[in-house]
Amino acid sequence: MNSISPDIRPLVIPDEAKERLKFLFLAKHALWGGGMHPEDGNHAIYHHEVRTSLESLGINLTVADRYDVLFKNPEVDFVFPLLNRGGFVNSEMLIPLLCNMHRIAYVGAMPFIRGLGDDKSVSKLVATHAGVPTAPWFCFRKGAPVNESDCPKAERWVIKPNASSASWAISDAFDWPGVANAIAGIHAQGHDAIVEPYLDGYDVQAAFISSDGPKALPMLIYEREDTQKLWTYYEKRDLVPNTEKATLKRFDDPEFAPKIQAMAEKIAREFEPFDYGRIEFRLDKATGEINFIEINLNCNLWSEKVVAKSAAAVGFSHAQLLETILAEGLKRNGLIA
């Protein structure tokens, strides 16, 4: 694993490969017109933007928004899956599994690694194994006993689905009855619940892509006005007005950046190859405490989010970022030299 280096550069799919290969782009809103979605908000804008950028590459592209396009062999050579959240538990693994069944190459990690990254509790075990600090937590699995003795000690807890994105169903509590009630609510929706102490501080994002091998992009930090406030799904998807002042900016702190970069590289090494993703840490500048929060493989590639903004910091356009991800996947799977 390399640190940020000046040799990170966009990759190009050869013209002959663009003519020879058939690509499939799968995303929930791949066929959406480009505006806000009433339930998923800006996620629909994101999927439309990715489709538009892929079309600009001049590749032979088929677009679909349903899993069943892969129930039978779609006769394509390479799949770009962004249909990560299918409305059922462990849906992250379905497209890679279907592609493996048909022996079709695809962007991203193998199914088990996708599931490993999607399970927040088990990914924390991986981080702990890698020697990276992680705050205490417990995963209350649906159908298993819910005992107060398993709950980590804290004055304030965060409770959320163990496999979720964009802070869906996140809540906090200040006593065990509140924690237990939040767990019950998540279980009622069919999900496991992870409980951990609320960590004050800022979110530091370490993004990685593969460009002639895995490389770290510049880290970014969310500088928030109120670090005690939970950031909800509805705010992240722009479904409600976000009144909090938060700025996503480059993180080059001479004291903390090298430490977090080294931690991120240890964790990323455990999941390779995964083509692209981001690793999140919580930094408390007052105490110097750093904790791993989660890893997001094949995460959001919208130009307004972390991976694209990190890539832009080293000169990538949005189309170049997507072409680099595709080219690396094609090369890794033997479809281009």
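Since this is a predicted model, take the numbers as computed values, not measurements. (Residues numbered from 1 in each chain as written. Predicted model: local features only at pLDDT ≥ 70, side-chain atom pairs only at ≥ 80, totals over all residues. Heavy atoms only, no water.)

Novice: Looking at this model, I keep getting lost on unusual backbone geometry. Mind explaining?
Specialist: Note the cis peptide between E272 and P273, where omega equals -10°. Along the chain, P273 falls in the loop between helix 8 (257–271) and strand 13 (276–284). The phi angle at N90 is positive, at roughly 65°, despite the residue not being glycine. As for its position among the elements, N90 is in the loop between strand 3 (78–81) and helix 3 (94–102). The backbone phi angle of R103 is positive, close to 60°, even though this residue is not glycine. Looking at R103, the relative accessible area reads 77%, which means it is exposed. (Helix = DSSP H or I, 4+ residues; strand = E, 2+ residues; numbered from the N terminus. Buried < 20%, exposed > 50% of the residue type's maximum accessible area, 1.4 Å probe, protein only.)

Novice: Explain the side chain of D284 to me, please; I cannot follow it from the model alone.
Specialist: Mapped onto the fold, D284 is located in strand 13. One polar contact links the side chain of D284 to the main-chain amide nitrogen of A286, over a distance of 3.0 Å. (Polar contact = N/O pair within 3.5 Å; in protein donor to acceptor, adjacent residues only side chain to side chain.)

Novice: Even after reading the chapter, I still don't get helix 5 (residues 120–129), so can you show me in this structure?
Specialist: Quick reminder: α-helices carry 3.6 residues per turn. Residues three or four places apart thus point the same way. Buried within helix 5 are the following residues: K120, S121, S123, K124, V126 and A127. Sitting at the amino-terminal end of helix 5 is D119, which places a side-chain oxygen 3.2 Å from the backbone nitrogen of S121. One or two steps after helix 5, the chain reaches G131, where phi turns positive at roughly 85°.

Novice: Is there a simple way to explain the side chain of H29 in this structure?
Specialist: Within the secondary structure layout, H29 lies in the loop between strand 1 (22–26) and helix 2 (43–55). With a relative accessible area of 3%, H29 lands in the buried category. Those residues in contact with H29 that sit more than four places away from it in its chain are H37, D40, H43, A44, H47 and H48. (Contact = heavy atoms within 4.5 Å.)

Novice: In this structure, what is going on with the nonpolar core? I would like to understand it.
Specialist: Residues F25, F80, Y276, L301, L321 and L326 are the most contacted members of the largest nonpolar core, which totals 43 residues. Sorting elements by how many residues they give to this core places helix 10 (residues 318–332) first, with seven residues. (Core = buried A, V, L, I, M, F, W, Y, C linked by side-chain atoms within 4.5 Å.)

Novice: Whenever I open this one, the packing of helix 2 against helix 10 confuses me. Can you help?
Specialist: When two helices pack together, their arrangement is given by the angle between the helix axes and by the axis-to-axis distance. Between helix 2 and helix 10, whose axes approach to 9 Å, the crossing angle comes to 75°. Judged by the inter-axis angle, helix 2 sits roughly perpendicular to helix 10. On helix 10, the residues touching E49, V50, S53 and L54 of helix 2 are H318, A319, L322 and L326. Its residues assigned to classes, the contact of helix 2 with helix 10 comprises five nonpolar, two polar and one charged. (Axes fitted to C-alpha atoms, helices over the stretch in contact; angles between N-to-C directions. Parallel < 35°, antiparallel > 145°, perpendicular 65-115°, else oblique. Nonpolar A, V, L, I, M, F, W, Y, C, P; charged D, E, K, R; others polar.)

Novice: Would you mind going over the pattern of salt bridges with me for this structure?
Specialist: Proximity of charged atoms lets side chains of opposite charge pair with each other. What the rule picks out here adds up to 19 salt bridges. Salt-bridge contacts for E223 lead to K249; the nearest nitrogen and oxygen are separated by 3.7 Å. In this pair, E223 is assigned in strand 11 (residues 220–224) and K249 in strand 12 (residues 246–250), connecting sequence segments 26 residues apart. Overlapping salt bridges bring together D119, R141 and D192 as one network. (Salt bridge = Lys/Arg side-chain N within 4 Å of Asp/Glu carboxyl O.)

Novice: In this structure, what is going on with the sheet that holds strand 3? I would like to understand it.
Specialist: Whenever strands of a sheet pair, they do so through backbone hydrogen bonds, lying parallel or antiparallel. Strands sit in the order 2-1-3-4 across an open sheet of four strands; the sheet is parallel. Single-partner strands in this sheet number two, and they are strand 2 (60–64) and strand 4 (105–106). Where strand 1 and strand 3 come together, four bridges link them in parallel fashion. Of the residues in strand 3, the one forming a bridge with F25 is F80. (Pairing = 2+ DSSP bridges.)

Novice: What is the right way to read the sheet that holds strand 7 (residues 171–173) from this model?
Specialist: Taken in spatial order, the four strands make up an open sheet running 5-8-6-7, and their pairing is antiparallel. Each edge of the open sheet is held by one strand with a lone partner, namely strand 5 (138–140) and strand 7. Between one strand axis and the next, the sheet turns through 30° on average, direction left out of account. Lying over the sheet, helix 5 contacts strand 5, strand 6 (157–161) and strand 8 (193–197), oriented at roughly 50° with respect to strand 8. Set on the sheet, helix 6 (residues 176–188) makes contact with strand 5, strand 6, strand 7 and strand 8; between it and strand 6 the angle comes to about 10°.

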